[in-house]
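# Commentary on secondary and tertiary structure
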Amino acid sequence: MVDTSRGEAPARPAEEPRGCLFALSQPPLMIFLAVVGGLLLMAAVHDLFLL
């Protein structure tokens, strides 16, 4: 363990850059992608089976 009794703050580790998986874990983005995917799916089903 690091001894910080002399009043020195422990060194902070460098923050890692956030990537694509962090972006996909955000609920508003996932809701948007689900809506767009649903619309594309409905259009594909309409074109394949109803036209």
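As shown above, the structure is provided for reference.
Residue numbers here run from 1 along each chain, matching the order of that chain's written sequence. Only residues with pLDDT of 70 or above have their local features reported here, since the model is predicted, and side-chain atom pairs are shown and tallied only from 80 upward, although totals for entire chains, interfaces and linings are computed over all residues. With hydrogens and water stripped out, all remaining heavy atoms of the structure feed into the side-chain values.

Counting its secondary structure elements, the protein contains 2 helices and 0 strands. Taken over 51 residues, the protein has a buried fraction of 0%. For the protein, the exposed surface amounts to about 5,200 Å²; the carbon and sulfur share of it is 70%. Elements are defined by DSSP. Helices are runs of H or I of four residues or more, strands are runs of E of two residues or more, and each kind is numbered from the N terminus. Partly exposed describes any residue whose relative accessible area lies between the buried limit of under 20% and the exposed limit of over 50%, with all areas from a 1.4 Å probe on protein chains only and scaled to the type maximum. The Shrake-Rupley method, run with a 1.4 Å probe sphere, supplies the accessible areas, and residue values consider only the shown protein chains as cover.

Right, let's talk about a nonpolar patch on the surface for a bit. Only residues whose relative accessible area exceeds 30% and that form no salt bridge are eligible for patches; like-charged ones are grouped when within 9 Å, while nonpolar side chains (Val, Leu, Ile, Met, Phe, Trp, Tyr) are grouped when within 5 Å. Salt-bridge detection follows one rule: a side-chain nitrogen of Lys or Arg within 4 Å of a carboxyl oxygen of Asp or Glu. Nonpolar side chains collect at one region of the surface, where Leu21, Leu24, Leu29, Met30, Phe32, Leu33, Val36 and Leu40 lie side by side and expose about 750 Å² of accessible area between them. Looking at the nonpolar patch, the elements with two or more residues in it are helix H1 (20-24) and helix H2 (27-50). With 6 residues, H2 is the single largest residue contributor to the nonpolar patch. Within the element layout of this structure, Leu40 appears in helix H2.

This brings us to H2. A helix is expected to span 1.5 Å for every residue after the first. The terminal C-alpha atoms of H2, which comprises 24 residues, lie 33 Å apart, in line with the 34 Å expected from a rise of 1.5 Å per residue. With 0 of 24 residues buried, H2 lies mostly on the surface of the structure.

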